[in-house]
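# Residue-level structural notes
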Amino acid sequence: MEIYKGIGVSQGVSIYRAAVIDAEDYRIPKRVVPKREIANEVKRLRKAFLDATQEMNTLQSSQADASDGHIKDIFAVHLHFLRDRTLRKNITDIISEKQYSAEYAVSVVMRDIARHFNHTPDRYISERANDIFDIEKRIVRHLIGDKREDLKHLTAPVVVIARDLTPTETASFDKTYIKGLATDAGGRTSHTAIVARSMGIPAVVALGDLSQHVTQGDMIIVDGNRGTVIVDPDEETIKEYRSYAAEFLNNEILLNELAELPAVTTDFEPIELLGNIEFPEESTMVLQRGGDGVGLYRTEFLFLDVSEEPSEEDHFNAYMKAIELMGNRSITIRTVDLGADKFTQARSGEPERNPFLGLRSIRYCLQHVPMFKAQLRAILRASAFGKVKMMFPLITSMVELRQAKWIVADVKEDLEEQGIAFDENMPVGIMIETPASALIADDLAQEVDFFSIGTNDLIQYTLAVDRVNERVASLYNPMHPAVLQLLSSVAKSAKRAKIDVSICGEMASEPEVTPLLLGMGFRTLSLAPPMIPEVKKVIRSVSVEYCRRMARKVLAFDTESQTVNFIREEFRKINEGKLTE
Ligand code: PEP
Ligand code: MG
C-alpha cells in the first residue's frame, strides 16, 4: 500500500480499480502488467504498428509531389522501421518476457536504438536518432489513443490515473463509469479540476509521479476531500474508507436538505447563490442544490460537442436549453474564453509559447470577429426568451471593453434590421480577472452593468503563478494580501458606481472563505453547483456584522499564513456552533 499526497480539487471518495492513461510527450513510466494481460498488450502493439504504418502511407501519398528530399527521407525512415518485423518481434519479446506494458516496451527498445545511433561517428546516422524518437512517439500515440478510446467503452466503474488530462477529455468522461480522477499534473483551479468539480467526480491533482507507480487494474482510493490517493490499499484501509465514504454521503444528503432554505445570514441579509456551468444540462444540478440562477456559463465548452466551430444555431440551441431549465432565473452567459488551456492550443499548428499570456479570451474573440458575432447574435436572440446577461472575460483595458461593446452594438443593429427580437436592456458586464482591470475598476464600472471577479485568473496574474502548473501550486495562494486587497478594492469600486458585483472564481466555492467575502461586501457568489449547500450552511450561521469584523482584521494582516490560520480557526468555531459574535 502506498499513499500519495496531492491537491484535492473535487470532493468525495472513490474506491475502484485503476484505468491508467499516459501522456505521449512524457517519459513513459515503467509498468509491469499482470500475466493475463500479456496477450492483450501484444495485440495492442500490433494494432499500433498497423495504424502508424497506415498513417505514414496516407501522409506519404498526400505529399507525393513534395520536391523536398528531406521530407521524403523522413517518410522513408519511418516506414522502414514501422515495417521492420525484427523490431516488432524485439518489442513483443520484452512484453512477454518482462511483462512490460506495450508503451514501456516500445520506449525501451526504441531508446536503445536511438542510443546506438547517437554514438556512431557518422553525422548522418547520428542525426537519425531524432527520427527514432519521432517513431517512438508515433507508436506510443497510437497505443495511448486506443486507451483513451477504451474509456468511451467502459463496462465497469474505474478511477482514471493520468500524467495530465485536458479539460476536453475530462468533460467527455461518462460519469456512470468514471468515478474518480488522479493526475500527476494540475492545480486547484486548472480547468480540468473545475470540470471534475462541476461533474461531481472526486479528484486529486498534483500527485508528482503517481502515474508511474500504478498498474492498470490496481485498487485505488481517491480521497478528494483530503487530497490523498492510496494505491493498493490493504483490507483494513478499504474498510475504513468505505465507512468514511458512507459518512460523507450522509452528510451530503443532510446538506442537500438546505436546498429549500434561503441563503440568508443570521441578521437577515439575503445572499444570492448562483451556479457555474459548462453545459446547459448542469442547470438542473444548480436548481437541485438550491442555486438561484447561473452566474457563469462557460460557453467555450460548446467547442467540445461539435467537430467544427459551433454555429450561431449551436450557440442559440444551447442557451435555449439552459433558459428552459432555469425558467425565470437569471443566466449570465460568458462569451467564449478560448485559449490558454482551452481548445486552441491543441488545434493550432503552432502552439503559443506562453498561452496564459497569449491570445486568449476576449483577445481571441476580437481577432476572430465573425465567430464572435455569431455568438453575440445567439446570446441576444436568447435574451428575448429569458433573463439573460452577457459577460466578457479577461478584459484588461477600456479600449478592449469598448471594442467588444461596439461589436455588440453592431450585432444589435443587424438584428433590428432583420426584425429579430432581443432584450434591448440585456445587462452587459465584464469579468475582473487581471490586476489591470481591478486597478481601473472605477473607470470600467462607468461603462458596464456588472462585474464578476474571476479569482482563478486574478490570483495567477497577480502572483505570477501558472494556475495549472503543479510545481508552483504551493505559491498559488488565494489568501495573499495582494489578492485580498484587490478583491476589496473592486467591491468598493462597484459600490461607488452602484453596479452589481459577484465572485465566480473557485474562491466562491470555499466555505472557509465565505464569511470573509461577505465581510468585504460581496452579496452574490457563483460557484460549483455541488458546493452550494455547504456555502449556504455557512451563510446561515454568521451575521454580516461578524463577517465585516473578520474582513477588517484580515485586511490588516501582512502574510497569507495569518489569514489562513485565522479563517480556519473561525471556520472550526462556525462548524462546532461555538461562534461568539
Ligand atoms: C476565473 O478565472 O476565476 C474564472 C471564473 O474563469 P475561468 O476559470 O473559466 O478562467
Ligand atoms: Mg478566468
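Data block above holds the structure.
Below is a summary of the structure that appears in this document.

Binding of the magnesium ion (ligand 2) to the protein goes through Glu-433 (OE) and Asp-457 (OD), at separations of 2.0 to 2.2 Å. Highlighted residues: Glu-433 in the loop between β13 (428-432) and α16 (435-439) and Asp-457 in helix α18 (residues 455-463), separated in sequence by 24 residues.

Inspection of the region around ligand 1 gives 17 residues, with Arg-298, Arg-334, Gly-454, Asn-456 and Arg-467 positioned closest. Between ligand 1 and the protein, one listed contact pairs an oxygen atom with a backbone N or O atom of Asn-456 at 2.8 Å. One nitrogen or oxygen atom from the side chain of Arg-467 is found 2.8 Å from an oxygen atom belonging to ligand 1. Relative to its unbound accessible area of 290 Å², ligand 1 is 100% covered by the protein chains.

To continue, consider the packing of helix α22 (residues 544-556) against helix α23 (residues 560-575). Look at α22 against α23: their axes get within 10 Å of each other, and the N-to-C directions meet at 160 degrees. One element, α22, and the other, α23, form an angle in the roughly antiparallel class. In the packing of α22 onto α23, the handedness of the crossing is right-handed. For the pair α22 and α23, the contacting residues are Tyr-546, Met-550, Lys-553 and Val-554 in the first and Thr-563, Phe-566, Ile-567, Glu-570 and Ile-574 in the second. The residue inventory of the contact of α22 with α23, partitioned by class, reads 6 nonpolar, 1 polar and 2 charged.

Moving on: the layout of surface pockets. Put simply, the second largest pocket is a space of about 1200 Å³. Counting only elements with at least two residues in the lining of the second largest pocket, the list comes to β2 (7-10), α8 (235-256) and α23. If one sorts the elements of the lining of the second largest pocket by residue count, α8 sits on top with 6 residues. For the lining of the second largest pocket, the class distribution of residues is 17 nonpolar, 14 polar and 13 charged.

Looking now at the sheet that holds β2. On the basis of which strands lie adjacent, the open sheet formed by 8 strands has the order β1-β8-β7-β3-β4-β5-β6-β2 and mixed pairing. In this open sheet, the two strands that pair with only one neighbour each are β1 (2-5) and β2. On average, each strand axis in the sheet is inclined to that of its neighbour by 30 degrees, with strand direction left out of account. Of the strand pairs in this sheet, strand β5 (residues 178-183) and strand β6 (residues 203-205) are connected by 2 bridges, and their pairing is parallel. Counted as the bridge partner of Leu-181 is Ala-203 from β6.

The next subject is the side chain of Thr-237. Structurally, the position occupied by Thr-237 is in helix α8. Thr-237 gets classed as buried once you look at its relative accessible area, which sits at 9%. Among the polar contacts listed, one links the side chain of Thr-237 to the side chain of Asp-234, at a separation of 2.5 Å. Ignoring sequence-local partners within four residues, the contact set of Thr-237 consists of Met-1, Ile-221 and Ile-230.

Burial within helix α7 (residues 191-199) is extensive, with 9 of its 9 residues counted as buried. Turning to α7, its buried residues number three or more, namely His-191, Thr-192, Ala-193, Ile-194, Val-195, Ala-196, Arg-197, Ser-198 and Met-199. Positive phi shows up at Gly-200, right after α7, with a value of about 70 degrees.

Below, the discussion takes up unusual backbone geometry. We note that Gln-99 has phi near 60 degrees; this positive angle belongs to a residue other than glycine. Along the chain, the position of Gln-99 falls in the loop between α3 (85-98) and α4 (102-118).

So, on to the pattern of salt bridges. Inspection of every chain in the model, using the stated rule, returns 34 salt bridges. Note that Arg-523 and Glu-269 form a salt bridge whose closest N and O atoms lie 3.0 Å from each other. With Arg-523 in the loop between α20 (514-520) and β16 (524-527) and Glu-269 in the loop between α8 and β9 (272-277), this residue pair connects regions lying 254 residues apart in the sequence. The shortest N-O distance in the salt bridge between Lys-321 and Glu-281 comes to 3.1 Å. Of the two residues, Lys-321 sits in helix α11 (residues 312-326) while Glu-281 sits in the loop between β9 and α9 (283-288), which places them 40 residues apart along the sequence. Because the salt bridges share partners, they merge into one network encompassing Glu-300, Arg-334, Asp-337, Arg-360, Asp-457 and Arg-467.

What counts and how
Residues numbered from 1 in each chain as written. Chains lettered and ligands numbered in written order. Predicted model: local features only at pLDDT ≥ 70, side-chain atom pairs only at ≥ 80, totals over all residues. Heavy atoms only, no water. Donors = N, O, S within 2.8 Å, 3.2 Å for Na, K, Ca; no water. Helix = DSSP H or I, 4+ residues; strand = E, 2+ residues; numbered from the N terminus. Near = heavy atom within 4 Å. Polar contact = N/O pair within 3.5 Å; in protein donor to acceptor, adjacent residues only side chain to side chain. Areas by Shrake-Rupley, 256 points an atom, 1.4 Å probe, with all protein chains shown as cover. Axes fitted to C-alpha atoms, helices over the stretch in contact; angles between N-to-C directions. Parallel < 35°, antiparallel > 145°, perpendicular 65-115°, else oblique. Left-handed = near helix turned anticlockwise from the far one by under 90°. Contact = heavy atoms within 4.5 Å. Nonpolar A, V, L, I, M, F, W, Y, C, P; charged D, E, K, R; others polar. 1 Å grid on protein atoms, 1.4 Å probe; cavity = no way out; pocket = protein on both sides within 12 Å on 5 of 7 lines; lining within 4 Å. Points joined across faces, edges and corners; volume = space filled by probe spheres on them. Pairing = 2+ DSSP bridges. Buried < 20%, exposed > 50% of the residue type's maximum accessible area, 1.4 Å probe, protein only. Salt bridge = Lys/Arg side-chain N within 4 Å of Asp/Glu carboxyl O.

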